[in-house]
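Coordinate inspection notes
Next come the chains, spelled out residue by residue.
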Amino acid sequence: MPIERTLSIIKPDATRRNLTGRVNAMLEAAGLRIIAQKRLHLTTAQAEAFYAVHAARPFYRDLVTFMTSGPVVAQVLEGENAVARNREAMGATDPAKAAPGTIRKELAESIEANSVHGSDSAENAAVEIAFFFAGIEITG
């Protein structure tokens, strides 16, 4: 199995409730290593740029507003099949449909306030990681 890197974002609903440690523990229990991490408050321009792929979708403006509503924790995760492992640890986007024990099932407030973001492919992970981190910030 290949060692990969993926981006994870702990969203404002989770940081507001001081769940960063719980999310990190769940990610580590899934076999992922946190090799870079920073807490930041996204500007509107940053959130718009990061989620530009969704600009034509009806939820885009609400997503940007939500992601700028409080601090987030951006992190780089590393491990075997990191993209798939992270997505499995997160659970379905809709917490009502997420499997028991997943981050979204256990911690999310709603389909919008679903506590975490994760890259959906290795290719997107590389782009998303570069959006938040300079290479010197990533320790492997």
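Heads up: the structure comes first, above all this text.
Here's what I pulled together on the structure shown here. Just so we're clear, the structure is a prediction, and the values are computed from it rather than from any experiment.

Calculation notes
Residues numbered from 1 in each chain as written. Predicted model: local features only at pLDDT ≥ 70, side-chain atom pairs only at ≥ 80, totals over all residues. Heavy atoms only, no water. Helix = DSSP H or I, 4+ residues; strand = E, 2+ residues; numbered from the N terminus. Rg over C-alpha atoms; globule rule 2.2 N^0.38 Å. Buried < 20%, exposed > 50% of the residue type's maximum accessible area, 1.4 Å probe, protein only. Contact = heavy atoms within 4.5 Å. Areas by Shrake-Rupley, 256 points an atom, 1.4 Å probe, with all protein chains shown as cover. Lys, Arg positive; Asp, Glu negative; His and termini not counted. Charge placed at Lys NZ, Arg CZ, Asp CG, Glu CD. Pairing = 2+ DSSP bridges. Axes fitted to C-alpha atoms, helices over the stretch in contact; angles between N-to-C directions. Salt bridge = Lys/Arg side-chain N within 4 Å of Asp/Glu carboxyl O.

The next point concerns the overall build of the protein. Looking only at helices and strands, one finds seven helices and four strands in the protein. Ordering the α and β elements of the protein from the N terminus gives β-α-α-β-α-α-β-α-α-β-α. On C-alpha atoms alone, the protein measures out to a radius of gyration of 14 Å, which is about the 14 Å that the 2.2 N^0.38 rule sets for 140 residues. Seen through its principal axes, the protein has C-alpha atoms that stretch 35 × 35 × 25 Å. Across the 140 residues of the protein, 47% fall into the buried class. Across the protein, every contact between residues at least 6 apart in sequence was considered, and the portion connecting residues at least 24 apart equals 76%. Accessible area for the protein stands at about 7000 Å²; split by element, carbon and sulfur atoms hold 54% of it. Across the protein, 15 positive and 16 negative side-chain charges occur, with their mean positions spaced 4 Å apart.

Taken in spatial order, the four strands line up as β2-β3-β1-β4 in an open sheet, and their pairing is antiparallel. Of all strands in the sheet, those with a lone pairing partner are β2 (33-40) and β4 (116-118), marking the two edges. On average, each strand axis in the sheet is tilted by 20° relative to the strand beside it, whichever way the strands run. Both strand β1 (residues 3-10) and β4 contribute to a ladder of three bridges, which runs antiparallel. Residue pairing for β4: Ile10 is matched across the bridge by Val116.

On to the pattern of salt bridges. Evaluation of the coordinates by the stated rule reveals seven salt bridges. The salt bridge involving Arg5 is made with Glu78; its shortest N-O contact spans 3.0 Å. In this pair, Arg5 sits in strand β1 while Glu78 sits in strand β3 (residues 72-80), placing the two residues 73 residues apart along the sequence. Since its relative accessible area comes to 13%, Glu78 is described here as buried. Close ionic contact of Arg33 with Glu78 constitutes a salt bridge, the shortest N to O distance being 3.0 Å. Here Arg33 is found in strand β2, whereas its partner Glu78 is found in strand β3, with 45 residues between them in sequence. For Arg33, a relative accessible area of 45% gives the class partly exposed. Ionic contacts of the salt-bridge type, sharing partners, join the residues Asp13, Arg16, Arg17 and Glu109 into one network.

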